[in-house]
Amino acid sequence: MQRQDGILLESGTNEIEIVEFEIGNNRYGINVIKVKEIILPTPITIIPHAHPSIEGIIQLRGDVLPVIDMETVMGLPKTIGKNEGKYIVAAFNQQQVVFHVQDVSQIHRVSWDQIEKPADLYSGDTTQVIGVIKRSEDMLLLLDFEKIVLDINPESGIRVEEVKKLGVRERSDKRILVAEDSPLLRKLLNDTLTEAGYANIEFFENGKDALAYLENAIASGKKAQEVVQLIITDIEMPQMDGHHFTKRIRENEQSAMLPVIIFSSLITDELKHKGENVGANDQVSKPEIAELVLKMDQYIL
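Below you will find a few notes about this structure. If you're wondering where the values come from, they're calculated on a predicted model, not measured in any experiment.

What follows is about the pairing of strand β5 (residues 63-69). Every regular strand shows the same layout, with side chains that alternate between the two sheet faces. Judged from the six bridges that link them, strand β4 (residues 54-60) and β5 form a sheet pairing that is antiparallel. Bridge pairing in β5 places L60 opposite D63. Count of turn residues in the β4/β5 antiparallel hairpin: two residues, of which R61 carries a positive phi of about 50°. Of the strand pairs in this sheet, β5 and strand β7 (residues 95-101) are connected by three bridges, and their pairing is parallel. Bridge pairing links D69 to H100 in β7.

Here it is, written out as structure tokens:
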């Protein structure tokens, strides 16, 4: 499976295409945009003292890629041999990784408003599940692959040290609205943006809640620019994704002039046109937090 062209050509539809795969008796999903290809297992080179979830490395078209054992990641007993199952070759956060799964079945197109946020009772900060898709016969769990990789290699995530390199900064009273579904990333963004001088931040778990906050403020008679001076949004979020959120902001004449920066693991040269089509002022790839801060300076300082 190598198709990328022609997938969701229209931006801002609040839809996602998901590759369904299996581990044990459970079914999971990964955003098709993250998937470069699906291949059969190839010979692995074992890395001594590697993380328990790393099976080893493979060479694919000149690139050396780590292979992540998804059974170990999900805490399931080992049933897939090294030469069994399927490899999902994925790209996000400016890196490529391989996920070893039992099988890959099909692609589904669903709306983000059909994807429910996991309940706090069974989620929490340590879960790898970011969304639940209920179907007539079963459920499909949408996994947080950024967190899976971050747990294995913490250096691949947002680092406050990158912001400290910018030097001492004046505090800003400008209000920032951030839509980000990951509790871990909300905390990291809060810490790093506060270090960067932006301490007045309003966080929301998805675009739907963030939009409701903005629209309610406008409906009460406030000007959008008085409520918030800049918006940062992820793309992948249950209920309403960042592209649709940005589109809705631009469609409302009261909020249309607000600067919007998309901060996502899905920012690539091939996909930037999606953010441009919905009117984003800028797009920054995770985990480039220093670049995000400099873009923020550009728009509101």
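That shown, we press on.
A few words on the environment of Y198. Here Y198 shows up in the loop between α4 (183-195) and β13 (201-204). Residue Y198 is classed as buried on the basis of its relative accessible area, which comes to 1%. Ignoring any residue separated from it by four or fewer positions in sequence, one finds Y198 in contact with R169, S172, I176, L193, M296, D297, I300 and L301. Engagement of the side chain of Y198 in a polar contact is seen with the side chain of D297, the distance being 2.6 Å.

To continue, consider the sheet that holds strand β2 (residues 26-31). Note: strands within a sheet are paired through backbone hydrogen bonds, in either parallel or antiparallel orientation. Taken together, six strands build an open sheet; the order of strands is β8-β1-β2-β11-β10-β9 and the sheet is mixed. Pairing within the sheet leaves two strands with one partner each, and these edge strands are β8 (103-111) and β9 (115-116). Taken together, the two bridges between β9 and strand β10 (residues 129-134) define a ladder with antiparallel strand orientation. Across the sheet, E116 pairs through a bridge with V132, a residue of β10.

As a further point, take the packing of α4 against helix α9 (residues 289-300). Running from N to C, α4 and α9 point in directions that differ by 55°, and their axes come no closer than 11 Å. What the angle tells us is that α4 and α9 run oblique. Viewed along their axes, α4 and α9 form a crossing whose handedness is right-handed. In this structure, α4 contributes L189, T192 and L193 to the contact, and α9 contributes I289, L292, V293 and M296. Each residue belonging to the contact of α4 with α9 can be placed in one class, and the counts come to six nonpolar, one polar and no charged.

With that out of the way, let us pick up the side chain of S53. Here S53 lies in the loop between β3 (35-39) and β4. What makes S53 buried here is its relative accessible area of 6%.

The buried fraction of helix α2 (residues 145-152) is high, at seven of eight residues. Every buried residue belonging to α2 is among F145, E146, K147, I148, V149, L150 and I152, and all of these are buried. Put simply, D144 is the residue that caps the front of α2, since its side-chain oxygen is 3.3 Å from the backbone nitrogen of E146.

The subject of this paragraph is the packing of helix α5 (residues 207-219) against helix α7 (residues 242-251). α7 packs onto α5 with a crossing angle of 15° between their chain directions and a minimal axis gap of 9 Å. One finds that α5 runs roughly parallel with respect to α7. Crossing of α5 over α7 shows right-handed handedness. Residues G207, A210, L211, L214 and E215 of α5 form the contact with α7, whose own contacting residues are F245, R248 and I249. Its residues assigned to classes, the contact of α5 with α7 shows five nonpolar, one polar and two charged.

Cut-offs and rules
Residues numbered from 1 in each chain as written. Predicted model: local features only at pLDDT ≥ 70, side-chain atom pairs only at ≥ 80, totals over all residues. Heavy atoms only, no water. Pairing = 2+ DSSP bridges. Helix = DSSP H or I, 4+ residues; strand = E, 2+ residues; numbered from the N terminus. Buried < 20%, exposed > 50% of the residue type's maximum accessible area, 1.4 Å probe, protein only. Contact = heavy atoms within 4.5 Å. Polar contact = N/O pair within 3.5 Å; in protein donor to acceptor, adjacent residues only side chain to side chain. Axes fitted to C-alpha atoms, helices over the stretch in contact; angles between N-to-C directions. Parallel < 35°, antiparallel > 145°, perpendicular 65-115°, else oblique. Left-handed = near helix turned anticlockwise from the far one by under 90°. Nonpolar A, V, L, I, M, F, W, Y, C, P; charged D, E, K, R; others polar.

Purely geometric numbers; function is a separate question.
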